[in-house]
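# Architecture at a glance
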Amino acid sequence: MVRIDEAVVTARVLEERLGDRERQVQISPRSKITPSARDYLREHDVEVVPDSSSATGTAGGGGAVGSPSPVAGSQTERSRKFSGILCPNIVIFDQAGKINYKEMERYISWLIEAGIHGLYPNGSTGEFVRLSSEERREVVRLIAEVNQGRVPILAGASEANIRDVLRMAEFYADLGADAISLVPPYYYKISDVSLYEYFAEIAQNSPLDILLYNIPQFTQELPLDVMEDLLAFDRIFGTKDSSRDLARIINTMHRLRPHRPDYVVLNGCEEILLPSVIMGANGGTIATSGIIPEIIVELYEKARAGDIEGARVLQYRILPLINHMLLGVNFPEGFKTGVALRGFDVGPSRQVMSNDERDFLLKLEAEIACILNDMGYSVRGPRSCPVTNLSPIVTAGA
């Protein structure tokens, strides 16, 4: 018989320790057994011999092998905190190309007062890869100071290596952030085994809870097998999925919530916000909430309240806006153009553009202005707008 004392027991650990012949194992009651390990024990008919030193006789505190939690999701303080619409805010620069603190303070205050449920600095829309590490710290510091605890802060902490991720997590914890978001390591593609070890190491040392961030457009895909194994770490409480793949989001909930009913799933694409919430997502980190926060929050709240028809109308009305902003030269310039039309001086781009690209953005600005005008917003300079006969969906002059 083999005894295993590892803190986390995965299918890989069992395979390495048991080999082809061993069919009995004793697992320390302090160990956490991952779902893949439970599947391995069942499929290979391995007997788990109770540890006589354990008062409960159950390894990993996870219940009997093969008895997952109910499928129905449950609400805990943590899952409630990270439900709703979290805004992945842009960063506003001054004419010298530095962070414009005064305008950022005005913008963040406006977002909170407009009703967004949480703030998400240093996400993709926040151009974290174009900021220095000091600027990333400053963005979160500024937001924490403006926020004053009014809404949760999910701070992007994706750095180039584990050491820097943990340093950033400690810094954000001192500022009062509620959790960090992490993408898989970018630039170098690593194996699934290394991907698991990467997140496991951070989960065992982070002072803050962790939301996994799947965005295969910019880094490698986060496999569901790895995410399932990572359920063993309580620090990892959920995922944000920006894959634009509704089927993947649904399968994430279907596969992980039987083991962790309060597992948070946030959708990162506004085009599928309504169907994802209907199917059980906690909400979304929605870039357009930085431009039309009132409508995005209303869409979410209608969906949660069961007003599917009302939410459906809003879902379709936001599609032209998101489609135009995604056309912007050098993401996220289209979104910054939308913020500018709501009355904020977003400053220059961090990315160099050609004259043709600048001309395209001016044309895009006019088209976005027309869409916002149709919604009922008072924006500067809608010009030559086509007649759509669409009813406003916000109070006139908003």
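The structure presented is a predicted model; accordingly, all values stated were derived computationally and were not measured. (Residues numbered from 1 in each chain as written. Predicted model: local features only at pLDDT ≥ 70, side-chain atom pairs only at ≥ 80, totals over all residues. Heavy atoms only, no water.)

The subject of this paragraph is the state of the cysteines. The final tally for this structure, using the stated rule, is 1 disulfide. Sulfur-sulfur distance for the disulfide between Cys-370 and Cys-385 comes to 1.9 Å. Because the sign of the S-S torsion sets the handedness, a value of about -85 degrees for the bond joining Cys-370 and Cys-385 places this disulfide among the left-handed ones. With Cys-370 in helix α14 (residues 355-375) and Cys-385 in the segment after α14, the pair connects residues that are 15 residues apart, well separated along the chain. Of all cysteine sulfurs, the one in Cys-269 lies closest to Cys-87, which takes part in no disulfide; the gap is 15 Å. Assessed through its relative accessible area of 0%, Cys-87 is described here as buried. Under the relative-accessibility criterion, Cys-269 is labelled buried at 2%. (Disulfide = S-S within 2.5 Å. Helix = DSSP H or I, 4+ residues; strand = E, 2+ residues; numbered from the N terminus. Buried < 20%, exposed > 50% of the residue type's maximum accessible area, 1.4 Å probe, protein only.)

Right, let's get into helix α1 (residues 11-18). Each α-helix winds once per 3.6 residues, and so residues spaced three or four apart point in a common direction. Here α1 has its buried residues at Ala-11, Val-13, Leu-14 and Leu-18. Each buried residue of α1 lies within a common arc of 160 degrees when the element is viewed along its axis, so the set occupies one face. Those residues of α1 that are exposed and aimed more than 90 degrees away from the buried face are Glu-15 and Glu-16. Looking at the buried side of α1, the elements it contacts are β1 (2-4), β2 (8-9), β3 (24-27) and α2 (35-43). (Arc of directions from axis to C-beta. Contact = heavy atoms within 4.5 Å.)

Pairs may arise between side chains of opposite charge once their charged atoms sit close together. All told, the structure shown has 25 salt bridges when counted by the stated rule. Note that Arg-12 and Asp-229 form a salt bridge whose closest N and O atoms lie 3.8 Å from each other. Residue Arg-12 is located in helix α1, and its partner Asp-229 is located in helix α8 (residues 224-229); the two are separated by 217 residues in the primary sequence. Taking the relative accessible area as the measure of exposure, Asp-229 reaches 5% and is therefore buried. Among the salt bridges present, the one from Arg-255 reaches Glu-228, with a minimum N-O distance of 2.9 Å. With Arg-255 in helix α9 (residues 246-256) and Glu-228 in helix α8, this residue pair connects regions lying 27 residues apart in the sequence. Residue classification places Arg-255 among the partly exposed residues on the basis of a relative accessible area of 28%. (Salt bridge = Lys/Arg side-chain N within 4 Å of Asp/Glu carboxyl O.)

Pairing within the open sheet is parallel, and its 3 strands lie in the order β1-β3-β5. Every other strand in the sheet has two partners, leaving β1 and β5 (47-48) as the edge strands with one partner each. With 3 bridges joining them, β1 and β3 adopt parallel strand pairing. Residue Ile-4 lies in a different strand from β3, and its bridge partner there is Ile-27. Contacting β1 and β3, α1 runs over the sheet at an angle of about 150 degrees to β1. (Pairing = 2+ DSSP bridges. Axes fitted to C-alpha atoms, helices over the stretch in contact; angles between N-to-C directions.)

Turning to the side chain of Asn-267, a few remarks are in order. Here Asn-267 is to be found in strand β12 (residues 264-267). Looking at Asn-267, the relative accessible area reads 0%, which means it is buried. Among the polar contacts listed, one links the side chain of Asn-267 to the side chain of Ser-276, at a separation of 3.5 Å. Discounting chain neighbours no more than four positions away, the residues touching Asn-267 are Asp-241, Ile-249, Ile-272, Leu-273, Ser-276, Gly-283, Gly-284, Thr-285 and Ile-286. (Polar contact = N/O pair within 3.5 Å; in protein donor to acceptor, adjacent residues only side chain to side chain.)

Tallying each qualifying case throughout the model produces 12 aromatic pairs. Consider the rings of Tyr-187 and Tyr-188, whose centres lie 4.9 Å apart with planes at 85 degrees: the pair is edge-to-face. Taken together, the ring pairs in this structure connect Tyr-107, Trp-110 and Phe-344 into an aromatic cluster. For Arg-12, the ring lying beneath its charged end belongs to Tyr-196, and the centroid distance is 5.2 Å. For the cation-ring pair, Arg-137 lies above Phe-171, with the distance from its terminal atom to the ring centre recorded as 5.6 Å. (Phe/Tyr/Trp six-rings, centres within 6.5 Å; stacked < 30°, edge-to-face > 60°. Lys NZ or Arg CZ within 6 Å of the ring centre and 35° of its normal.)

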